[in-house]
Amino acid sequence: MTTVTGSRQRHPNGSAAGPARIGIWSGSPDLPLLGGNMSRLPYVNPAQAPAPVREALQAALPLSFFRVMAHAETAFPEWMRWGGTLLNDLALDPLLREIAILRVAQLSDVTYEWAQHEPIARSVGVTDEMIHALGRDEIGDDCFTPDQRIVLRFTTEVVRDVRPPDDTTAALIGLLSPREVVELLMVIGQYMMIARVAAVTDLEVDKPMGAAVYGARP
């Protein structure tokens, strides 16, 4: 069971249970969202949108995030395809992708991203222990393999410092191919942007859609 204190969701023992700046997902599909706010920006009405935007929204899941991003009319359809590519067509291991995304969400303190990606992470093999450790900011926990800890350290340093130290980058390059390194950077950048759009707009937290978001697959 979790309790809510201030802007973060915490277990009774005081450890963080994932970020909670913007609303809190209750953790059960049968329970409502807690602490959601109205978005600072209106949601795009597909019926009133230009045809490419309308078609992209109609083909997507009914997420509030998509209806905010749809304001960028010329960029939105291609951005949706880009998001699908990042979740479906990378050489990067999906488990590494998802722990990096959850790390970005935790560092950004934005629930929207965490709520949507926790079930996706589980679908690609991220364990309860890993999710709890990420929520507690314990990326060196023994539940992670040495390779996973390298990815988490690299992600942390990209988000916090922009340029990771040489030893972290060397360790990652020793683990991943050049293609996978660039893909990881693309994933980190994409989800840093998503977290910041969600935070700036006070986005309402949608019910998690799991791997159905962008048609994600393990």
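You'll find the structure just up there.
Residues numbered from 1 in each chain as written. Predicted model: local features only at pLDDT ≥ 70, side-chain atom pairs only at ≥ 80, totals over all residues. Heavy atoms only, no water.

(A) Focus on the packing of aromatic side chains. Going through the model one piece at a time under the given rule, you end up with 4 aromatic pairs. Geometrically, the ring pair formed by phenylalanine 65 and tryptophan 79 is tilted, given 5.9 Å between the ring centres and 45° between the ring planes. With phenylalanine 65 in helix α2 (residues 64–69) and tryptophan 79 in helix α3 (residues 76–88), the pair connects residues that are 14 residues apart, well separated along the chain. Here phenylalanine 66 and tryptophan 79 contribute two aromatic rings whose centre-to-centre distance is 6.3 Å and whose plane-to-plane angle is 75°, an arrangement assigned as edge-to-face. On the criterion of sequence distance, the pair formed by phenylalanine 66 in helix α2 and tryptophan 79 in helix α3 is long-range, its members being 13 residues apart. Each member of the aromatic cluster is reached from another via a ring pair, and the members are Phe65, Phe66, Phe76, Trp79 and Tyr112. (Phe/Tyr/Trp six-rings, centres within 6.5 Å; stacked < 30°, edge-to-face > 60°. Helix = DSSP H or I, 4+ residues; strand = E, 2+ residues; numbered from the N terminus.)

(B) Structural detail: the packing of helix α4 (residues 94–108) against helix α9 (residues 178–200). One can describe the packing of α4 onto α9 by two numbers: an axis separation of 9 Å at closest approach and a directional angle of 35°. The way α4 lies across α9 gives a crossing that is right-handed. Residue-level inspection shows Arg97, Ala100, Ile101, Val104 and Ser108 of α4 in contact with α9, the latter providing Leu184, Val187, Ile188, Tyr191, Met192, Ala195 and Arg196. Grouping the constituent residues of the contact of α4 with α9 by class yields 9 nonpolar, 1 polar and 2 charged. (Axes fitted to C-alpha atoms, helices over the stretch in contact; angles between N-to-C directions. Left-handed = near helix turned anticlockwise from the far one by under 90°. Contact = heavy atoms within 4.5 Å. Nonpolar A, V, L, I, M, F, W, Y, C, P; charged D, E, K, R; others polar.)

(C) The arrangement of the nonpolar core in detail. Of all hydrophobic cores here, the largest spans 59 residues; its most connected members are Phe65, Phe66, Phe76 and Leu184. With 11 residues, α9 is the single largest residue contributor to this core. In contact with phenylalanine 76, not counting residues within four places along its chain, are Val53, Ala56, Leu57, Phe66, Met69 and Ala70. (Core = buried A, V, L, I, M, F, W, Y, C linked by side-chain atoms within 4.5 Å. Buried < 20%, exposed > 50% of the residue type's maximum accessible area, 1.4 Å probe, protein only.)

(D) Fine view of unusual backbone geometry. Within the chain, aspartate 137 stands out as a residue other than glycine whose phi angle is a positive 65°. If you trace the backbone, aspartate 137 turns up in the loop between α6 (128–135) and α7 (146–161). Take aspartate 137: its relative accessible area is 37%, and that puts it in the partly exposed class. The backbone of aspartate 202 shows a phi angle near 50°, a positive value even though the residue is not glycine. For aspartate 202, the location among the structural elements is in the segment after α9. Aspartate 202 sits in the partly exposed class, given a relative accessible area of 22%.

(E) Local environment of a nonpolar patch on the surface. A contiguous nonpolar surface patch, about 240 Å² in accessible area, is contributed by Trp82, Val182 and Met186. With respect to the helices, strands and loops of the structure, valine 182 is situated in helix α9. We classify valine 182 as partly exposed; its relative accessible area is 43%. (Patch = residues over 30% accessible without salt bridge, like charges linked within 9 Å, V, L, I, M, F, W, Y side chains within 5 Å. Areas by Shrake-Rupley, 256 points an atom, 1.4 Å probe, with all protein chains shown as cover. Salt bridge = Lys/Arg side-chain N within 4 Å of Asp/Glu carboxyl O.)

(F) Examining the packing of helix α5 (residues 111–123) against α6 more closely. Between α5 and α6, the least distance of the axes is 10 Å, while the angle of their chain directions is 150°. Looking at the two axes, α5 sits roughly antiparallel to α6. Handedness of the α5/α6 crossing: right-handed. Taken together, the residues of α6 that come into contact with α5 (itself represented by Trp114, Glu118 and Arg122) are Asp128, Ile131, Leu134 and Gly135. Among the residues forming the contact of α5 with α6, the class breakdown is 3 nonpolar, 1 polar and 3 charged. (Parallel < 35°, antiparallel > 145°, perpendicular 65-115°, else oblique.)

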